[in-house]
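The residues making up each chain are set out below.
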Amino acid sequence: CPALSDAKAADQDPRRDSRLGGEIDVSRGSAATGGQLPTPAADTTAAQDQFLLNWVRSKAEALPDNLLLAVVAKYGRVFRHANHFPDELCRGLPAQAKANCTRLVLQNDLGSKYRYAEGFVLDLGKLALIQHSWLVNERGEAIDITRADARDTVFIGVAVKNEFLREVQRETKQYGFISKEALQSTSLQQNRDLSKALVDGFSHRPHSGRRKGKTRP
């Protein structure tokens, strides 16, 4: 599928406008030196996931002013990418992850099958966390509609319920979910507990009737 075109978004620098959801490397300071990522003692997926979560928590302690790190360290989990990219999805605009994923789950009929997730993508061969957004399917797997290559990467973050994402975007006029404006929004303040807005996965009941074609975010 061709990438989604958005002339207004493409004319701006996503690193200067949080509403566009640009990818930002937060690896800096003593907690993010170069080199290979150490491996956990036990070579199992569960052990690796726990190791990565502990590593993110150590980065959050080293960078206490980073809001995204703080939220992911407290509530986050590891998402592994699905083996196959769904035929019903199309790739979004490069470097516009927040916008791509938000538009898909809120503005398309496919929103009943996917959830918006925000956090970091991690190259397993490097000590580098890249701010990112992706989709989560009904099996709790990551679906990256922005980056072309998801091999040798894992996703560490939180998935949010569509109704909370919709309310936050309506109030803040921003893409994404983890920002000072979003966390201070009325919908989350009334909820009083961020964890209630988050999901790990969900059950999907397929729609009846004619199968629809591919839908762009």
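Our subject is the structure listed above.
Notes on the structure follow. What you see is a predicted model; the values in this text were computed from it and never measured.

This paragraph deals with the packing of aromatic side chains. Counted under the stated rule, the structure contains two aromatic pairs. Summarising the aromatic geometry, the rings of Phe-79 and Trp-134 are spaced 6.0 Å apart at their centres and angled 65° between planes, so their arrangement reads as edge-to-face. Here Phe-79 is found in strand E1 (residues 77-79), whereas its partner Trp-134 is found in strand E3 (residues 129-136), with 55 residues between them in sequence. Between Trp-134 and Phe-155 the ring centres are 5.2 Å apart and the planes differ by 50°, which places this aromatic pair in the tilted class. Of this pair, Trp-134 sits in strand E3 while Phe-155 sits in strand E5 (residues 153-160), and the two are 21 residues apart along the sequence. As far as burial versus exposure is concerned, Trp-134 and Phe-155 are alike and both buried. Among the aromatic residues, those joined into a cluster by ring pairs are Phe-79, Trp-134 and Phe-155. One cation-aromatic arrangement involves Arg-77 over Phe-79; the distance from NZ or CZ to the ring centre is 4.2 Å. The aromatic ring of Phe-85 is capped on one face by Arg-91, whose charged end is 3.9 Å from the ring centroid.

We now examine the packing of helix H4 (residues 97-107) against helix H5 (residues 162-172). Close contact between H4 and H5 brings their axes to 10 Å; oriented N to C, the two are set at 115°. As the angle between them shows, H4 and H5 are arranged roughly perpendicular. Once H4 is placed against H5, the crossing between them reads as left-handed. Contact residues: Thr-102, Val-105 and Leu-106 in H4; Asn-162, Leu-165, Arg-166 and Gln-169 in H5. Its residues placed into classes, the contact of H4 with H5 shows three nonpolar, three polar and one charged.

Nonpolar side chains tend toward joint burial in soluble globular proteins. Counting residues in hydrophobic clusters, the biggest one holds 41 residues, and the most contacted among them are Leu-135, Ile-156 and Phe-177. Of all the elements in the fold, those that place two or more residues in this core are helix H2 (45-62), helix H3 (67-75), H4, strand E2 (115-123), E3, E5 and H5. Once residues lying within four places of it in the same chain are set aside, the contact partners of Ile-156 are Leu-52, Leu-53, Val-56, Val-72, Arg-77, Val-78, Gly-119, Phe-120, Leu-122 and Trp-134. Counting residues in hydrophobic clusters, the runner-up holds 11 residues, among them Trp-134, Ala-150, Ala-159 and Val-199.

A few words on H4. Among the 11 residues in H4, 10 count as buried, and that is most of the element. By the burial criterion, the buried members of H4 are Ala-97, Lys-98, Ala-99, Asn-100, Cys-101, Thr-102, Arg-103, Leu-104, Val-105 and Leu-106. Looking at the buried residues of H4, the elements they touch are E2, E3 and H5.

Our next topic: the pairing of E2. In terms of burial, E2 is a largely internal element, eight of the nine residues being buried. Two elements, E2 and E3, share eight bridges in a ladder whose sense is antiparallel. When the bridges of E3 are listed, Ala-117 appears paired with Trp-134. Hairpin connection between E2 and E3: a loop of five residues separates the two successive antiparallel strands.

Attention now moves to unusual backbone geometry. Unusually for a residue other than glycine, Asp-152 sits at a positive phi of about 60°. With a phi close to 60°, Lys-173 is a non-glycine residue in the positive phi region. The topology assignment puts Lys-173 in the loop between H5 and helix H6 (180-183). Overall, Lys-173 belongs to the exposed group, its relative accessible area being 60%.

A separate point is the pattern of salt bridges. Scanning the entire structure with this criterion turns up seven salt bridges. Salt-bridge contacts for Lys-113 lead to Glu-88; the nearest nitrogen and oxygen are separated by 2.8 Å. On the criterion of sequence distance, the pair formed by Lys-113 in the loop between H4 and E2 and Glu-88 in the loop between E1 and H4 is long-range, its members being 25 residues apart. Residue Lys-113 shares its accessibility class with Glu-88, and that shared class is buried. Residue Glu-118 is joined to Lys-98 by a salt bridge in which the shortest nitrogen-to-oxygen separation is 3.5 Å. Pair noted here: Glu-118 is in strand E2 and Lys-98 is in helix H4, with a separation of 20 residues, a long-range link. Summarising the burial analysis for this pair, Glu-118 and Lys-98 share the class buried. Salt bridges sharing common partners tie together Glu-138, Arg-139 and Glu-141.

So, how was this worked out
Residues numbered from 1 in each chain as written. Predicted model: local features only at pLDDT ≥ 70, side-chain atom pairs only at ≥ 80, totals over all residues. Heavy atoms only, no water. Phe/Tyr/Trp six-rings, centres within 6.5 Å; stacked < 30°, edge-to-face > 60°. Helix = DSSP H or I, 4+ residues; strand = E, 2+ residues; numbered from the N terminus. Buried < 20%, exposed > 50% of the residue type's maximum accessible area, 1.4 Å probe, protein only. Lys NZ or Arg CZ within 6 Å of the ring centre and 35° of its normal. Axes fitted to C-alpha atoms, helices over the stretch in contact; angles between N-to-C directions. Parallel < 35°, antiparallel > 145°, perpendicular 65-115°, else oblique. Left-handed = near helix turned anticlockwise from the far one by under 90°. Contact = heavy atoms within 4.5 Å. Nonpolar A, V, L, I, M, F, W, Y, C, P; charged D, E, K, R; others polar. Core = buried A, V, L, I, M, F, W, Y, C linked by side-chain atoms within 4.5 Å. Pairing = 2+ DSSP bridges. Salt bridge = Lys/Arg side-chain N within 4 Å of Asp/Glu carboxyl O.

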